[in-house]
Amino acid sequence: MADNVITADEVRRMVRHWLSTPPNGYLGSPYGSDPLALLQKPMSSGAGDAFLAKLLIDVPVLGAMPDGAVNLFFADITGSNDRKKLIIQVLGEDIIVGSNGTVQ
């Protein structure tokens, strides 16, 4: 009997799906995110922590990952002083959300 194993690539695809689905995008479910709204808030607001907490609730497999497997941070967009991109690092690979809210 073969084990059902979720690969790192599948986990990253789950996170990409979550980032691309608007909140409440499924009837009766709060699943989804609004990364553009997060990018519009000051980094000191603590909104990043709430965003990451919702990700962990909506994609429960992330809770089984070891500490440090999922990280969230912001980075400056090259050539711009006032635009940021959101980076969610999942198992060492970056998933980038541009300043317009699209997942790259």
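Everything quoted here is computed from the prediction, not taken from an experiment.

**Topic: the packing of aromatic side chains**
A full pass over the atoms with the stated rule returns two aromatic pairs. Geometrically, the ring pair formed by W18 and F51 is edge-to-face, given 5.1 Å between the ring centres and 65 degrees between the ring planes. Taken together, the residues span a long stretch of sequence, with W18 in helix 1 (residues 8-20) and F51 in helix 3 (residues 47-58) at a distance of 33 residues. F51 matches W18 in its accessibility class, with the two residues each being buried.

**Side note on the side chain of R12**
Within the element layout of this structure, R12 appears in helix 1. Sequence-distant contacts of R12, that is, excluding residues within four places in its chain, are made with V90, L91, E93 and I95.

**Focus on the confidence of the model for the protein**
On average, the protein scores 89 in pLDDT, and the residues at 70 or more come to 98%. Mean pLDDT across the secondary structure elements of the protein bottoms out at helix 2 (residues 35-39), with 88, and peaks at helix 1, with 95.

**A short note on the environment of F51**
Note on F51: relative accessible area 9%, which makes it buried. Between the C-alpha atoms of F51 and L38, which are 13 residues apart in sequence, the distance is 7.6 Å. Setting aside chain neighbours within four positions, we find F51 in contact with W18, L19, S33, D34, P35, L38, L72, L86 and I88.

**Remarks on the sheet that holds strand 1 (residues 70-76)**
Reading across the sheet, the three strands line up as 1-2-3 and stay open at both edges, with antiparallel pairing between neighbours. Because the sheet does not close on itself, it has two edges, and the strands there are strand 1 and strand 3 (93-97). Geometrically, the sheet is characterised by an average inter-axis angle of 25 degrees between neighbouring strands, direction not taken into account. Pairing of strand 1 with strand 2 (residues 84-90), which is carried by seven bridges, proceeds in the antiparallel orientation. Bridge pairing in strand 2 places F73 opposite I87. Set on the sheet, helix 1 makes contact with strand 2 and strand 3; between it and strand 3 the angle comes to about 10 degrees. Here helix 3 sits on the sheet and contacts strand 1 and strand 2; the angle it forms with strand 1, its principal contact strand, is near 140 degrees.

Basis of the calculations
- Residues numbered from 1 in each chain as written.
- Predicted model: local features only at pLDDT ≥ 70, side-chain atom pairs only at ≥ 80, totals over all residues.
- Heavy atoms only, no water.
- Phe/Tyr/Trp six-rings, centres within 6.5 Å; stacked < 30°, edge-to-face > 60°.
- Helix = DSSP H or I, 4+ residues; strand = E, 2+ residues; numbered from the N terminus.
- Buried < 20%, exposed > 50% of the residue type's maximum accessible area, 1.4 Å probe, protein only.
- Contact = heavy atoms within 4.5 Å.
- pLDDT = per-residue confidence, 0-100.
- Pairing = 2+ DSSP bridges.
- Axes fitted to C-alpha atoms, helices over the stretch in contact; angles between N-to-C directions.

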